[in-house]
Amino acid sequence: MRWTERQLAMLREMGVHVVVRPAVAASSGEVATVQAPRSLPAPAEAMPVATVLPRADWLVVVEIDADEAGDGDERRLLGNMLRAIGVSEGSAGGDPSRRAARLDPRRADAAAITEAIGQTGARTVLALGKSAAKVLLGSDEPVGRLRGTVHRAASGVAVIVSWPPSYLLRQPDEKAKAWADLCLAVATVEAASTT
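Fair warning: this is a prediction, and the values are worked out from it, not measured in the lab. (Residues numbered from 1 in each chain as written. Predicted model: local features only at pLDDT ≥ 70, side-chain atom pairs only at ≥ 80, totals over all residues. Heavy atoms only, no water.)

(A) Quick look at the confidence of the model for the chain. When the pLDDT values of the chain are averaged, the result is 76; 66% of them are 70 or greater. No element of the chain has a lower mean pLDDT than strand β2 (residues 32-35), which averages 40, and none a higher one than strand β8 (residues 158-162), which averages 96. Across residues 21-51, where pLDDT falls below 50, the model places 65 contacts with residues more than four positions away in sequence or in other chains. (pLDDT = per-residue confidence, 0-100. Helix = DSSP H or I, 4+ residues; strand = E, 2+ residues; numbered from the N terminus. Contact = heavy atoms within 4.5 Å.)

This is how it looks when you write it as structure tokens:
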């Protein structure tokens, strides 16, 4: 996977450091080694929750609990995670393949999520947390057992399960695993684009 300078800066902001091994890059493309984050991400602008979901190739199903002021760390971390893979949240213009819509699994059942997938045109769903995975996949398995694999929702869309931002804030050492899951999601989207 090739990274732009902007994406590398976002990764650094998240506390994830990517090391490109040039000896391998010459023969088979860039190979990245992900190092565990050293600290929490730098603050970023809070992102609004869409009431009408925009056209977007990515659907993020996650519980986000912002504090009373509306500037929660969970929301900032999610924004940093998405920007690190070149995806923005919301309905701002631009390429739908680089845009994500967000849905809270506490306010949606499987039928509502299927409708959201159709409304947005999502080709990939990020299920961040156990409640999101349960709604999408009907599984009570822990996130640790579900992550690292491409699952399929009832609609056939690819589902990648990972840790929610709230967990990553409590367990920052797990950010490297979440980054691996985001890389899997990007690879899944890229593979689908070439077929």
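Next, the rest of the story.
(B) Representation of the environment of K130 within the structure. With respect to the helices and strands, the residue K130 is situated in helix α5 (residues 130-137). A residue is classified by how much of its surface remains accessible, and K130, at 43% relative accessible area, is partly exposed. As for K130 and V161, which are separated by 31 residues in sequence, their C-alpha atoms are 8.5 Å apart. With near-sequence residues (within four places) excluded, K130 lies in contact with D140, E141 and V143. (Buried < 20%, exposed > 50% of the residue type's maximum accessible area, 1.4 Å probe, protein only.)

(C) Region of the structure containing the environment of Q7. If you trace the backbone, Q7 turns up in helix α1 (residues 5-14). It is 7.1 Å that separates the C-alpha atoms of Q7 and R83, two residues lying 76 residues apart in sequence.

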